[in-house]
Each structure stands twice: as C-alpha cells, then as structure tokens.
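Below are the chains, spelled out letter by letter.
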Amino acid sequence: MSDGSERVIWDTEYPGFGLRFRASGRKTWVVSFRQRKVRRTVTLGSVSKMSVRQARREARRILSEAQLDGLPTKAKTRMKSAPLFSDYAEEFWADYARHWKPTTETRNQSALKLYLLPYFGEMAVDTIQKTDIARFRDGLSARPQIFNRAIPVLSVMMKYAEQLGYRRIDSNPCRGTPRYKTQLKERYLTPTEYRRLATSLNALKDRFPGSVTIIWLLIYTGARFAEIQTLRWEYVKPPRLMLPDSKTGPKTIYLNTQARAMLDAIPGKKQSGLLFPSPTIPDKPISIVNSWPVIRHHAAIPDVRLHDLRHSFASLAIRDGISLLVIGKLLGHALPETTARYAHLADETIQDSASRVCLSIASAMGGSR
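All values reported here derive from a predicted model rather than from experimental measurement.

## Focus: the overall build of the protein
Okay, so step 1: Looking only at helices and strands, the protein has 14 helices and seven strands in total.
Okay, so step 2: Residues counted as buried form 41% of the 369 residues belonging to the protein.
Okay, so step 3: A separation of at least 24 residues holds for 56% of the contacts in the protein among residues at least 6 apart in sequence.
Okay, so step 4: Here the protein has roughly 21,800 Å² of accessible surface; of this, 54% comes from carbon and sulfur atoms.

Printed below as a string of structure tokens:
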C-alpha cells in the first residue's frame, strides 16, 4: 500500500484463510482461527513458494484440526482432511474410470473437465453442499442436457469420496436433485425417405462399401451403431448375433433374411476379427464420420442421425402390430420404461385402426349412423 502499512485480504470462500501484504512488499499466505478461546494466526508460506491451491489445502487441514481440538473424538474416527475437488478428481479418475465402458469413460471425462472442474475445482470435497449443486444446476438452465450428463458423474464422485473418508457417510449432496426434463428427439423416416436412402446407399456402395453395409444392417436390425460398427466374426451365429457385451450387457440381435444376406455378401469372411476393420488400423473398426454426412445429404435427409434408424425400426414394428414387449426384446432394452417412449406410436396405430374399422362398418351400413 502507498502508506507502507500491512494488510490482509481474507478469502470469502474459506473464512480464516487470507493473503498478508507486508510493508516490505513480501506476500504470505496465512490462516487465522480460534483455538480454546485464543485467536491464533499461522503463516503458511510465501506466495513465491506456495501456490494458492497448496495454501488452501494446508489451511483446510489446519482449520479442520482446530475444530476437532478438544473434542472427545477418537483419532481413528476422525475424517480425513478433504482435498480440493480438483485434486480429488485425479485420485477418483485413477481409481474409478477404468471400470466404465470406453464410450462412457469418454463422455464422463468430458463432463468432468468441461463443467465440473471449472465450477467445483477450488472447493474442498467435504464443503460441497446441496446449495452448491442447486446453483450449478441453475447456471446450466439454458443447457439442461449438460447438467443431466454431469450430475450422475458428480454423484458417483461424492459417493466414492464417502468411501475414501473425505465426506461423511450418506452425505451425498447430489441425492434428490432433479434432472431437467428434456424433450427427447423423435425422428422417424417416412416411406419416401426410406426409398431415397435406399437409392443413395446403392449409388454410393462402391465409394463407401463398409459404411453402406453397416447402415443397411442398422436399418434391418434396429441395433445400436456401436454394436454393428464393432461387430466381430466370433459373434455371428446365424440366425443371430450373440454379443458378449453391449450398452445393457450381453445381447442377442435377431437376423432377418435381409440382414443375413448383407452379412453373406461381406467379402473375406474369417473365423475371428472385426467385420469392418479400419483400412489403416486393422485392429480398430472403421469410422463413418465422413461417409454418413455424404450419404444422408445424397438422400436429402440431412437431419437424420444414425440413431434415428433405430427409432424408425421401432416405429415400423409398432405399425406392423408388434407389441412393445417384443420390440423391447428386439432392441435389447434392459428396462421396459425405455421401450415405453414408443407407446404413443402404438396409441396412434390403434386409433388409426379404430378409424379404419369404423369406416368399414359405416360403408357396410350404407353410411347410416
């Protein structure tokens, strides 16, 4: 300061933790607390030798010990000094991430790095409360899908923190926090769009042979893209595909005549290995990130996603009178609630059938009421 006096700037998030400016110009981290009715101030270290993250961590440790001092609590029952969320994230990821499927790991890593760390990174793990979760949720009101993807990751992290002793048992602040209700995208191909897509697949099969075969199989089976993209010859057991693992665990995909014909037409059949290997990295599946946009634009359906082929499969099955229970088995749904999203299509089909029956009755009765 210009008058050469000393001052301390206190942290608003961590009461008692501050930065002291001395008249000499030296800056040090300090922590101030009351211990047995006596006010104490401890210097943690100089700014040049200790980062703010290190200083906060040490301040947390000292403040925690001061709060426990004199309490009739056995040392072995005391909680560990909780790390900052950013430090805990590294420990959690090293322990936990390997147990997720690769796609889940990638998605959760994105949520952690892009949203959870920027918001909670400087908070100690044991200080995160329901109010913090609520503020985090409110801050993403314009992007509800992001919150819905991030909150399960945070919830798992908080639960694991309890197991490590960083938080009290049953203190998960994410529990009971509602997710945003979002409108699920429902895009179904019309008969005309199916015909256009078929024309485009036939026109581009020499340019994108692997991609075209994958798309035909998606159309005929209703399978998830990854299930077909990573398909191996060991799993092909006509008239079925026996997948040892999928999004919902082991799965059977039933092959119709068209799907079997597509598989029979694949050149270079083997006893094992990928059906659709990358031309540059044979032990990895091909990517259709470049071919699918070309195909769908050629078919004049630029808004159709690969997953919409799965929705369309379910839609046609319902229109053919197949029950939701059977459709769930065809699609490999683990829960009936997942298939229930198509219930309104069944209602529409029933209503349409009722209308056609009524027209037939009215026609037979000469149009009389």
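Anyway, onward from the coordinates.
## Focus: a nonpolar patch on the surface
Okay, so step 1: On the surface, I322, L325 and V326 cluster together into a nonpolar patch covering about 260 Å² of accessible area.
Okay, so step 2: Following the sequence through the fold, V326 ends up in helix α12 (residues 324-331).

## A word on the sheet that holds strand β1 (residues 7-10)
Okay, so step 1: Strand order in this open sheet of four strands is β1-β2-β3-β4, and the pairing throughout is antiparallel. For this open sheet the edge positions go to β1 and β4 (38-46), each flanked by a neighbour on one side alone. Mean inter-strand twist for the sheet, computed between neighbouring axes without regard to direction, equals 35°.
Okay, so step 2: By the bridge criterion, eight bridges tie strand β3 (residues 27-35) to β4 in an arrangement that is antiparallel. Across the sheet, the residue bridging to T28 is S46, located in β4.

## Considering the nonpolar core
Okay, so step 1: L44, F85, Y88, L116, F120, L154 and M157 are the most contacted members of the largest nonpolar core, which has 47 residues in total.
Okay, so step 2: Looking at this core, the elements that each hand over two or more residues are β2 (17-21), β3, α1 (52-68), α2 (85-96), α3 (102-120), α4 (130-139) and α5 (144-164).
Okay, so step 3: Among the elements that make up this core, the one with the highest residue count is α5 (11 residues).
Okay, so step 4: The contact partners of M157, leaving out residues within four places of it in the chain, are F85, Y88, A89, F92, L112 and L116.
Okay, so step 5: One finds F208, L241, A299 and V304 within the second-largest nonpolar core, a separate group that totals 37 residues.

## Re empty space enclosed by the protein
Okay, so step 1: Inspection of every chain in the model, using the stated rule, returns one cavity of 30 Å³ or more.
Okay, so step 2: Looking at the largest cavity, the residues that line it are L218, A223, R224, F225, L306, H307, L309 and R310.
Okay, so step 3: The element contributing the most residues to the lining of the largest cavity is helix α11 (residues 306-319), with four residues.
Okay, so step 4: The class makeup of the residues in the lining of the largest cavity is five nonpolar, one polar and two charged.

## Let's talk about the pattern of salt bridges
Okay, so step 1: Within this structure, the stated rule accounts for 15 salt bridges.
Okay, so step 2: Between K159 and E162 there is a salt bridge, with its nearest N and O atoms 3.7 Å apart. Separated by three residues within a single helix, K159 and E162 lie in helix α5, roughly one turn from each other.
Okay, so step 3: Given a relative accessible area of 38%, K159 falls into the partly exposed group.
Okay, so step 4: Residue classification places E162 among the buried residues on the basis of a relative accessible area of 4%.

## Describing the pairing of strand β6 (residues 240-243)
A regular strand carries its side chains on alternate faces of the sheet.
Okay, so step 1: Judged by which residues are buried, β6 turns out to be one-sided: L241 and L243 face inward and are buried, whereas R240 and M242, on the alternate face, are not.
Okay, so step 2: With two bridges joining them, strand β5 (residues 236-237) and β6 adopt antiparallel strand pairing. Paired with K237 across the strands is R240, a residue of β6.
Okay, so step 3: Between β5 and β6, which pair antiparallel in sequence order, lie two residues.

## Points about unusual backbone geometry
Okay, so step 1: The omega torsion of the bond from P238 to P239 falls at 10°, within 30 degrees of zero and hence cis.
Okay, so step 2: Within the secondary structure, P239 is located in the loop between β5 and β6.
Okay, so step 3: Notably, D170 is not glycine yet its phi reads approximately 65°, a positive angle.
Okay, so step 4: Along the polypeptide, D170 turns up in the loop between α5 and α6 (191-204).
Okay, so step 5: Residue classification places D170 among the exposed residues on the basis of a relative accessible area of 52%.
Okay, so step 6: The backbone phi angle of A300 is positive, close to 60°, even though this residue is not glycine.
Okay, so step 7: For A300, a relative accessible area of 44% translates into the label partly exposed.

Criteria and thresholds
Residues numbered from 1 in each chain as written. Predicted model: local features only at pLDDT ≥ 70, side-chain atom pairs only at ≥ 80, totals over all residues. Heavy atoms only, no water. Helix = DSSP H or I, 4+ residues; strand = E, 2+ residues; numbered from the N terminus. Buried < 20%, exposed > 50% of the residue type's maximum accessible area, 1.4 Å probe, protein only. Contact = heavy atoms within 4.5 Å. Areas by Shrake-Rupley, 256 points an atom, 1.4 Å probe, with all protein chains shown as cover. Patch = residues over 30% accessible without salt bridge, like charges linked within 9 Å, V, L, I, M, F, W, Y side chains within 5 Å. Salt bridge = Lys/Arg side-chain N within 4 Å of Asp/Glu carboxyl O. Pairing = 2+ DSSP bridges. Axes fitted to C-alpha atoms, helices over the stretch in contact; angles between N-to-C directions. Core = buried A, V, L, I, M, F, W, Y, C linked by side-chain atoms within 4.5 Å. 1 Å grid on protein atoms, 1.4 Å probe; cavity = no way out; pocket = protein on both sides within 12 Å on 5 of 7 lines; lining within 4 Å. Points joined across faces, edges and corners; volume = space filled by probe spheres on them. Nonpolar A, V, L, I, M, F, W, Y, C, P; charged D, E, K, R; others polar.

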